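Each chain, written out:
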Amino acid sequence: RVVYVNGSYVPENEGKVSIFDRGFLFADGIYEVTAVINGKLVDYEPHAERLERSLNEISMAWPCSKAELRQMHEELIKRNKLDEGIIYIQVTRGSADRDFKFPKEAKSTLIGFTQVQKLLENPNAPAGVKVVTIPDIRWARRDIKSVMLLAPVLGKQRAYEEGAFEGWMVEDGKVTEGTSSNAYIVKDGKVITRPLSNSILAGCTRRSLFRMAKEEGVVIEERLFTPEEAYAADEAFLTSASNFVLPIVEIDGKRVGGGQPGPVVRKLREIYLDEAR
Ligand code: PDD
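Residues numbered from 1 in each chain as written. Predicted model: local features only at pLDDT ≥ 70, side-chain atom pairs only at ≥ 80, totals over all residues.

As annotated in an unreviewed UniProt entry, the protein chain is D-amino-acid transaminase from Taklimakanibacter albus.

Right under this line is the structure:
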């Protein structure tokens, strides 16, 4: 693999950053994950806009121009002959002596790499996946796509150990989102999902899904929902850049919609893939 580090394209074993990098020492950084299908970026603009927003929210300078960022994505696809998979990029506040305050001199670190992944023929899509609910122990600014991912790491591991694909995090009795995805239920043909706030990440897949659902006449209601409501839902699903729309068939050991992907989620997944292809 060829990876990108601060302006250079190098073989992956030569891609290095300092041990003083603030991403490493403080998780003082942000990231984006963008899907690639048939060598083309999916939802690139929303990801670039969200990156800009995350940078602004934590007062971090752009590491390059917007055009260069796009160019870096295209170069990584080309140099790695990436047909299907993801591109991960990360920006940190650079490296400096360890001090919590922003360093005066440091220059942002920008890295990027590709990862091959089967997205169209996601092996989990036909049968759907299981989720378990877990407490949401994250910080209060989940709208920022921060690399500070210890809570999601522990949550995903716990879900995995319980035989589930994803953990749905619960706060004040309501589902916030998945450890790395947004959460939805379907009741009486209507899609229900949490409204945007500091409590969840504004998913780019979510944003595109809203547009497509509108075009298809599928109603989306933005409101909080409880795990109990989810158990009794007709369907459930999650969205993320690497999963698009993924059916959920079991929540906390309770079958949802007879334990099979329902018509609304199957349709939304199809529409999404059609546009990504
Ligand atoms: N995760 N919520 C959280 C907490 C996430 O980490 C993600 C994405 C999403 C979905 O956002 P999007 O549709 O823009 O991918 C929601 C990425 C894929 C990850 O960390 O790998």
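> For the pairing of strand β5 (residues 85-92), give the residues involved together with the corresponding values.
As judged from the eight bridges shared by strand β3 (residues 29-37) and β5, these two strands associate in the antiparallel manner. The partner of E32 across the bridge, within β5, is I89. Summarising the sheet, β5 and strand β6 (residues 109-116) pair through eight bridges and their orientation is antiparallel. Residue V91 lies in a different strand from β6, and its bridge partner there is L110. (Pairing = 2+ DSSP bridges. Helix = DSSP H or I, 4+ residues; strand = E, 2+ residues; numbered from the N terminus.)

> Tell me about helix α7 (residues 263-276), and name the residues and values.
Along its 14 residues, α7 runs 20 Å from first to last C-alpha, staying within 8% of the 20 Å computed at 1.5 Å per residue. Buried within α7 are the following residues: V264, V265, L268, R269 and Y272. Taken down its axis, α7 places every buried residue within 130° of arc, on the same side. With respect to the buried face of α7, the exposed residues turned more than 90 degrees away are P263, E270 and D274. The elements touched by buried residues of α7 are β10 (182-187), β11 (190-193), α5 (204-216), β13 (235-240) and β14 (244-251). (Expected span 1.5 Å × (residues − 1). Buried ≥ 20, exposed ≤ 12 C-beta atoms within 10 Å, placed from the backbone. Arc of directions from axis to C-beta. Contact = placed C-beta atoms within 7 Å.)

> I'd love a proper account of the sheet that holds β3, names of residues and values included.
Spatially, the six strands line up as an open sheet ordered β2-β1-β6-β5-β3-β4, and their pairing is antiparallel. The open sheet has two edge strands, β2 (8-11) and β4 (40-41), and neither has a second partner. In terms of strand pairing, strand β1 (residues 2-5) meets β2 through four bridges, oriented antiparallel. Note on β2: the bridge partner recorded for V3 is V10.

> Describe the site of the ligand, and please don't skip the residues or the numbers.
Of all residues adjacent to the ligand, which total 14 residues, the nearest are L201, G203, C204, T205 and A241. Those elements that place two or more of their residues in the shell around the ligand are α5 and β13. For the shell around the ligand, the element with the most residues is α5, which contributes three residues. (Near = placed C-beta within 6 Å.)

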